[in-house]
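Structural features, examined
Okay, here's what each chain looks like letter by letter:
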Amino acid sequence: MYVSELDRPWIESRFLFQGFEIRTEEELAELVHLCKYVYIETEVEYENGKARPRRPTTVGAPDPTEFAAKRIGFEILDKFADTAAIKPPRYLDRWAVENELPQARELIGKTKVLIDTILEDARLGRSLDSQTAKRSVGGMVQSVLRNPDALVWFNHLKNKDEYTSQHSLRVCVLALTFGRHLELSEEELNLLGMGALLHDVGKMKIPGELLNKPGRLTAEEFELMKSHVPLGVEILSGTPGIPAAAIEVARSHHERFDGSGYSVGLKGKQIGLFGQIGAIVDSYDAITSDRSYHKGMSAHDALRKMYEWRRKDFHETLVEQFIQCMGIYPIGSVVEMNTGSIGVVVSINRLRRLRPRVALVLDAGKKPYPSPRVIDLNEETHGDKALLIRNVLPAGSFGINAVDYLPVSV
């Protein structure tokens, strides 16, 4: 068959020509992955007894970086399935979290201003500043490669009155942190981060009273809310400098593994890797954040719930790896030690995940320490026994606010 049109702009595909005859199984598989439907030629001209389809036109010179990220598939998860073959990780922390926090704070501040501007531009129908967005995401990629825990710390600074912009920023940080754990290349991290930062721009076309409605949405309101996905894809597709691979995050972050999501109802591996990463990190931040209609749950409880939703909402291995990435005891968790003292997890041990670094806040009698004492559970002992975490407590237990215990004053 000769494919004459796709259900989306040709520039969003890997094909170099607009219009082509299907000749390989790979081309067919790419169409199945990319499109819900295509248009084919039914009236064919003949020349010397042979079909002569219309002459294809060049779509444009492909971006090799984008091409590579568009083609990335779930084979990257194979390394996690082979537990017998333990390989050294692609990325090692270059700096301690204390060293990275000042740079992370500056990046968060600048990117927060940028996303506020981008969302306002989207609301008013102005063109988006994609080049500044690329630079900001590039800076966050470098921070995550040095030590992802620093940016994750700032994800605990939440203001429900600025949910959409802060959510976009937090989802970007989570996507980059998860992408690093999955050992995506630096180029792929930049594309993933760009898509995550801009994934919700379509919400700027939704009435504010609907976005902030405190109660359950009606069926009509929910249909309108769901339209933020195609609206966002339209905005990003019309913005020069936004790669198609990045747009996949916006397109698929509400799709679900069993096909129950929106706006297309994709199922299983029909949802690309970037889209499934977007769905996981978007959901995680949403359920751990206070909204006008619900109280956010703790990170530990959120990961437990998401594990229960595997195979239904999310790819099973991806959810398991996200839990590994965030840590059995996520940063900011309020924990009780086997001594009875109370602390806050301040950084992850990526090799021994049951032994993070903890800032001890209350002693065994639940009295405040004169100043928090940061300990490494990989090294500390209590008498002749290892010092370990016994329980994860609900967020806010004993009036503890995690952001008050950053490992260094910034």
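In what follows, the structure referred to is the one given above.
This write-up is about the structure you can find in this document. Being a predicted model, the structure only gives us computed values, none of them experimental. Sequence positions are assigned chain by chain, starting from 1 and proceeding in written order. Side-chain atom pairs in this predicted model are given and counted only at pLDDT of 80 or more, local residue features only at pLDDT of at least 70, and totals for whole chains, interfaces and linings cover all residues. Here the side-chain values reflect all heavy atoms present in the structure, with hydrogen atoms and water set aside.

Before going further, it helps to spend a moment on the overall build of the chain. Under the scheme used here, helices are H or I runs from DSSP no shorter than 4 residues and strands are E runs no shorter than 2 residues, and both carry numbers assigned from the N terminus. Secondary structure assignment for the chain yields 15 helices and 14 strands. Among the 410 residues that make up the chain, the fraction classed as buried is 50%. A contact between two residues is defined here by any heavy atoms of the two lying within 4.5 Å. Restricting the contact set of the chain to residue pairs at least 6 apart, pairs at least 24 apart contribute 66%. Carbon and sulfur atoms provide 52% of the accessible area of the chain, an area that totals close to 20,000 Å². When a residue's accessible area, from a 1.4 Å probe over protein chains only, is under 20% of the maximum for its type it is buried; when over 50% it is exposed; and in between it is partly exposed. Surface accessibility follows the Shrake-Rupley procedure with a 1.4 Å probe radius. Residue values consider only the protein chains on display as shielding.

The next subject is the sheet that holds strand β11 (residues 368-376). Strand order in the open sheet made by the 5 strands is β11-β10-β9-β8-β14, with antiparallel pairing throughout. Two strands close off the open sheet at either side, each with one partner strand: β11 and β14 (389-393). When strand polarity is set aside, the average angle formed by the axes of neighbouring strands in this sheet is 35°. Two strands pair if DSSP finds at least two bridges between them. Relative to β11, strand β10 (residues 357-362) runs antiparallel, the two sharing 5 bridges. If you follow V358 over to β11, its bridge partner there is I375. Axis definition: a line fit to C-alpha positions, over the contact stretch in the case of helices; interaxial angles, taken between N-to-C directions, run 0 to 180 degrees.

In this section: empty space enclosed by the protein. Using only the protein atoms, space was sampled on a 1 Å grid; points where a 1.4 Å probe fits but cannot get out form cavities, open sets with protein on both sides within 12 Å along at least five of seven lines form pockets, and lining residues are those with an atom within 4 Å of a point. Grid points are joined across faces, edges and corners, and a volume is the space filled by probe spheres set on the points. Scanning the model with the defined rule gives 2 cavities of 30 Å³ or more in all. For the largest cavity, the calculated volume is near 50 Å³. Residue assignment for the lining of the largest cavity shows that the elements contributing at least two residues are α6 (149-154) and α15 (316-326). Ten residues, namely Ala, Val, Leu, Ile, Met, Phe, Trp, Tyr, Cys and Pro, are considered nonpolar, four, namely Asp, Glu, Lys and Arg, are considered charged, and the remaining ones, Gly among them, are considered polar. Classifying every residue of the lining of the largest cavity by side-chain character gives 6 nonpolar, 1 polar and 2 charged. Estimates place the volume of the second largest cavity at around 40 Å³.

Turning to unusual backbone geometry, a few remarks are in order. Of note, the bond from Y262 into S263 is cis; its omega dihedral lies within 30 degrees of zero at 15°. Along the chain, S263 turns up in the loop between α12 (244-252) and α13 (273-287). Here the phi dihedral of E183 falls at roughly 65°; this positive angle occurs in a residue that is not glycine. Turning to its location among the elements, E183 is positioned in the loop between α7 (163-181) and α8 (186-197).

Geometrically, a packed helix pair is captured by the angle between its two axes and the distance between the axes. Where helix α4 (residues 97-124) contacts α7, the two axes come as close as 9 Å, and the packing angle between them is 125°. As the angle between them shows, α4 and α7 are arranged oblique. Between α4 and α7 the crossing geometry is right-handed. Counted together, I108, T111, K112, I115, D116 and L119 of α4 and T164, S165, Q166, S168, L169 and V173 of α7 form the full contact between these two elements. When its residues are assigned to classes, the contact of α4 with α7 shows 5 nonpolar, 5 polar and 2 charged. Note on terminology: angles under 35 degrees are roughly parallel, angles over 145 are roughly antiparallel, angles of 65 to 115 are roughly perpendicular, and the others are oblique. For any pair of crossing helices, the crossing counts as left-handed if the nearer helix is rotated counterclockwise from the farther one by less than a right angle, and right-handed if it is rotated clockwise.

Our next topic: the nonpolar core. One finds F178, L198, V201 and Y284 to be the most contacted residues of the largest nonpolar core, which totals 86 residues. In terms of residues, this core owes the most to one element, α4, which gives 10 residues. We call a set of buried residues a nonpolar core when its members are Ala, Val, Leu, Ile, Met, Phe, Trp, Tyr or Cys and they connect through side-chain atoms within 4.5 Å of each other. Y329, V335, I375 and L377 belong to the second-largest nonpolar core, a separate cluster that totals 10 residues.

With that out of the way, let us pick up the pattern of salt bridges. Close approach of charged atoms allows side chains with opposite charge to pair. Note on definitions: salt bridges are taken to be side-chain nitrogens of Lys or Arg within 4 Å of carboxyl oxygens of Asp or Glu. According to the stated counting rule, one finds 22 salt bridges in the structure shown. Among the ionic pairs, R180 bridges to D93, the shortest N-O distance being 2.9 Å. In this pair, R180 sits in helix α7 while D93 sits in the loop between α3 (78-81) and α4, placing the two residues 87 residues apart along the sequence. You can call D93 partly exposed: its relative accessible area is 34%. As a salt-bridge pair, D121 and R126 come within 2.8 Å of each other at their nearest N and O atoms. In this structure, a network of salt bridges that share partners links the residues D93, D149, R180 and R350.

Now for the side chain of S289. Looking at the element boundaries, S289 is found in the loop between α13 and α14 (299-308). The class for S289 is buried, based on a relative accessible area of 2%. Reaching out from S289, the side chain makes a polar contact with the backbone oxygen of D285 at a distance of 2.6 Å. Sequence-distant contacts of S289, that is, excluding residues within four places in its chain, are made with K158, Y163, R170, H294, K295 and G296. Polar contacts, as counted here, are pairs of nitrogen or oxygen atoms within 3.5 Å of one another; within protein the pair requires one atom able to donate a hydrogen and one able to accept it, and residues that are adjacent in sequence qualify only if both atoms are side-chain atoms.

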